[in-house]
Amino acid sequence: AIQMTQSPSSLSASVGDRVTITCRASQDIRNDLGWYQQNPGKAPKLLIYATSRLQSGVPSRFSGSGSGTEFTLTISSLQPEDFAAYYCLQDHNYPLTFGGGTKVG
Amino acid sequence: EVQLVESGGGLVQPGGSLRLSCAVSGFTVSGSYMNWVRQAPGKGLEWLSVIYRGGSIYYADSVKGRFAISGDNSKNTLYLQMSSLRAEDTAVYYCARRNYYGSGTYGIDVWGQGTTVTVSS
């Protein structure tokens, strides 16, 4: 199975900060990567699919980049509602695998 | 309205069995990539299984041989039959749709609210 290593596991940020989260795949997954946001007690929410494509309704302050084995989620200006956990997910092949998560607090 | 509603969670003893259901509305199970994902208390997300095209199925190694995914087209419902349950299977279980956006791109765009399974004596 493809291993996804996400960093950092947690970070401290303030409203207005630029935040960057990284995911590294154990093998080439082309651009088959998504990013998900999860608030406590809630289901995950799709933010970005195929590395850089913004899901409908997601604010443009979220962006994704990368290819192959290195991927990045960037929040350009952190908003109060963005304090949450974030996960990457490779959907290049089965079994799908998530990164370990990043808690933004 | 596109919606997923899970049910069937509860307390079960180690070694026991449980069947989770996911009622689908707004689209069809048969025409979709339907998944189960879980989250143990205080832990991250873990993908478990997918069923699509009526019969293509994959599992995570952690549940292979113990869990079985299936769909009932007449009821438009997804199931997860869980057996030989262990304490480490304690988690919130989500059903979710993996959507195809075209050009080989996918995203898990619809999630249920989750159902809690506790494995304990």
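Before reading on, note that the structure itself is shown above.
Residues numbered from 1 in each chain as written. Chains lettered and ligands numbered in written order. Predicted model: local features only at pLDDT ≥ 70, side-chain atom pairs only at ≥ 80, totals over all residues. Heavy atoms only, no water.

Asker: For this particular structure, what's the right way to read the nonpolar core?
Answerer: Generally speaking, nonpolar side chains in soluble globular proteins are found buried as a group. In terms of nonpolar packing, the biggest core is built from 26 residues, with W36, L80, M82 and Y93 of chain B touching the most fellow members. Elements supplying a minimum of two residues to this core: β3 (18-25), β4 (33-39), β5 (45-52), β7 (67-72), β8 (77-82), β9 (91-102) and β11 (115-119) of chain B. At 4 residues, β3 of chain B tops the list of elements feeding residues into this core. Judged by nonpolar contacts, the second largest core, of 23 residues, contains M4, I21, A25 and Y86 of chain A. (Core = buried A, V, L, I, M, F, W, Y, C linked by side-chain atoms within 4.5 Å. Buried < 20%, exposed > 50% of the residue type's maximum accessible area, 1.4 Å probe, protein only. Helix = DSSP H or I, 4+ residues; strand = E, 2+ residues; numbered from the N terminus.)

Asker: How should I be thinking about the sheet that holds β7 of chain B in this particular structure?
Answerer: Backbone-to-backbone hydrogen bonds join strands into a sheet, with any given pair of strands oriented parallel or antiparallel. All names here are of chain B. Pairing in this open sheet of 4 strands is antiparallel, and the strands run β1-β3-β8-β7 from one edge to the other. Edge positions in the open sheet fall to β1 (3-7) and β7, since each of these has one partner strand only. The sheet shows a mean angle of 15 degrees between the axes of neighbouring strands, taken without regard to direction. (Pairing = 2+ DSSP bridges. Axes fitted to C-alpha atoms, helices over the stretch in contact; angles between N-to-C directions.)

Asker: Explain the pairing of β7 of chain B here, please?
Answerer: Residues and elements named next belong to chain B. Sheet analysis places β7 next to β8, joined by 6 bridges and oriented antiparallel. When the bridges of β8 are listed, G71 appears paired with L78. In this antiparallel pair of consecutive strands, β7 and β8, the connection spans 4 residues, and N76 shows a positive phi of 50 degrees.

Asker: Would you explain the pattern of salt bridges in this entry?
Answerer: A side chain of one charge can pair with a side chain of the opposite charge when the charged atoms of the two come close. All names here are of chain A. Overall, the coordinates contain 9 salt bridges over all chains when judged by the stated rule. When the shortest N-O distance is used, the salt bridge between R30 and D32 registers 3.9 Å. On the basis of relative accessibility, which here comes to 55%, the residue R30 falls in the exposed class. Judged by its relative accessible area of 8%, D32 is buried. (Salt bridge = Lys/Arg side-chain N within 4 Å of Asp/Glu carboxyl O.)

On their own, these measurements won't tell you what the molecule is for.
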